Amino acid sequence: MERRRKAVTGGGGSTTGALNPGAGERIAVTGFGLVTPMGFTSWSSVSAVIRNCRHFAWHETVLVADTPDGTALRGATISRVSGEDVRFGLTGSERSLALLAPALREATSGLSPSPGDAVPAWIINGIPSEEVGAIPCPADILPLLSPMEHLPVGREAGSGRCLFLDRVAEAAKALREGRCPRALVAAVDSLCFLPVLEELLVAGRLLSGPNPEGIIPGEAAGAILLEREESARKRGAPIYAFVSSWGHGIDPVPRTGGRPSQGRGLTEAFFQAFDGLPTTGGEMGLVVADLNGERQRAMEWTLTEGRIFGPSHRERQLWLPAFAVGECGAALGVVQTVVAVAAFAKDLANGEQFALCSSNDGGET
């Protein structure tokens, strides 16, 4: 039996989580999958994050495929190659599919096609595609899913970072209201395209010798399967965590505005999330945040932490996946979620609850 825990998804620049634990059936996480530059599976990527390992080099783009047709990834040995050697000329839609397919298969491995019982799915895609409406989902997974909400994300700075946690909240609400027994939320994004890197460089956002407060570009794809507890128990599915509460805030000082943040949006999001819980922020054993090396985001967290997380008898852990897998835009929320859920499965969460936070550059928390 999987050890059952409470999972608190709390906002920080983004909505997250969903549902009041005191009302309705609990919503469980029963499956997850993840692909990052650090690993081809959830466990290899999570292990790298836990150990704070990195494997980055100074090159212009990322090798995604290890076969000429772009169907397999190299996993933990994903390597950087120079611009003139971009491997196999993968298009945006091909890269989305190459990254997302293994994560979807891992997250849905316990499901089988059932007529009339297809899983509603939300897929966030931050990789620009030349094919309008192309959904990055492999043919073998499509029979498991009902018509999806496919959300292409604009390329503007910081866009889409909150969408994954937003859709977790939306999916949990649909489950709680009985509209479906289970749902899937997925995301894929890459900041490793040469045009994107050039934009980041011009904006002064890349980590370098002259800029010690920049980001390391990365890419990732992941998915989680949410399910009503009764449904999960009937089919004998593992229960890794429960979605307990969520919050949302808007910071009046956007990160791109050039003024110091006061952390108001992030603070409000956490207050909302914790308001639906019987415990306080001080009881959180683990927080998985979206800090990525940029000064404004770090200042926002510093202000919020003192307001939200009071003294505790246990040490509170703060995990920052972007420092291991890179800044991966709209996919960072799914990286945080899978890392936190896997920490519960490995008894590394330092308690019975964890909190997630994510934020957009425009101020949404």
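Parameters at a glance
- Residues numbered from 1 in each chain as written.
- Predicted model: local features only at pLDDT ≥ 70, side-chain atom pairs only at ≥ 80, totals over all residues.
- Heavy atoms only, no water.
- pLDDT = per-residue confidence, 0-100.
- Contact = heavy atoms within 4.5 Å.
- Salt bridge = Lys/Arg side-chain N within 4 Å of Asp/Glu carboxyl O.
- Helix = DSSP H or I, 4+ residues; strand = E, 2+ residues; numbered from the N terminus.
- Buried < 20%, exposed > 50% of the residue type's maximum accessible area, 1.4 Å probe, protein only.
- 1 Å grid on protein atoms, 1.4 Å probe; cavity = no way out; pocket = protein on both sides within 12 Å on 5 of 7 lines; lining within 4 Å.
- Points joined across faces, edges and corners; volume = space filled by probe spheres on them.
- Pairing = 2+ DSSP bridges.
- Axes fitted to C-alpha atoms, helices over the stretch in contact; angles between N-to-C directions.

Undergrad: What is the right way to read the confidence of the model for the protein chain from this model?
TA: For any part of a model where pLDDT is low, the fine detail of the predicted coordinates should not be relied upon. Mean pLDDT over the protein chain works out to 77, with 78% of the residues at or above the 70 mark. In the model, residues 56–67 has pLDDT below 50 throughout and makes 56 contacts with residues more than four positions away in sequence or in other chains.

Undergrad: Explanation requested: the pattern of salt bridges in the structure shown.
TA: If the charged atoms of two oppositely charged side chains come close together, the side chains can form a pair. This structure, assessed with the given rule, holds 17 salt bridges. Its salt-bridge partner being Glu 230, residue Lys 234 comes within 3.4 Å of it at the nearest N-O pair. Of the two residues, Lys 234 and Glu 230 both sit in helix α5 (residues 229–234), 4 residues apart, roughly one turn of that helix. Judged by its relative accessible area of 44%, Glu 230 falls in the partly exposed class. For the salt bridge of Asp 361 with Arg 297, the shortest nitrogen-to-oxygen distance reads 3.2 Å. Placement of the pair is Asp 361 in the segment after β11 (354–356) and Arg 297 in helix α7 (residues 295–308), with a sequence separation of 64 residues. Of the two residues, Asp 361 and Arg 297, both sit in the buried class. Three or more residues joined by partner-sharing salt bridges are found here, namely Arg 161, Arg 205, Asp 290, Glu 294, Arg 297, Glu 327 and Asp 361.

Undergrad: Would you mind showing me how to read empty space enclosed by the protein here?
TA: Any empty space left between the atoms is revealed when a probe the size of a water molecule rolls over them. Applying the stated criterion across every chain, the model contains 4 cavities of 30 Å³ or more. Quantified by volume, the second largest cavity comes out at close to 50 Å³. Asp 251, Val 253, Pro 254, Arg 255, Ser 261, Gln 296, Glu 300, Asn 360, Gly 363 and Thr 365 are the residues that line the second largest cavity.

Undergrad: Looking at this structure, how should I read the sheet that holds strand β6 (residues 182–190)?
TA: Within a sheet, neighbouring strands are paired by backbone hydrogen bonds and run either parallel or antiparallel to one another. The 6 strands are arranged β5-β4-β6-β7-β1-β8 in an open sheet whose pairing can be described as mixed. Strand pairing shows two members of the sheet lacking a second neighbour, β5 (149–152) and β8 (241–243), which therefore form its edges. Neighbouring strand axes in the sheet, compared pairwise and without regard to direction, differ in orientation by 25 degrees on average. In terms of strand pairing, strand β1 (residues 27–35) meets strand β7 (residues 219–228) through 8 bridges, oriented antiparallel. Along β7, the bridge assignment pairs Ala 28 with Glu 227.

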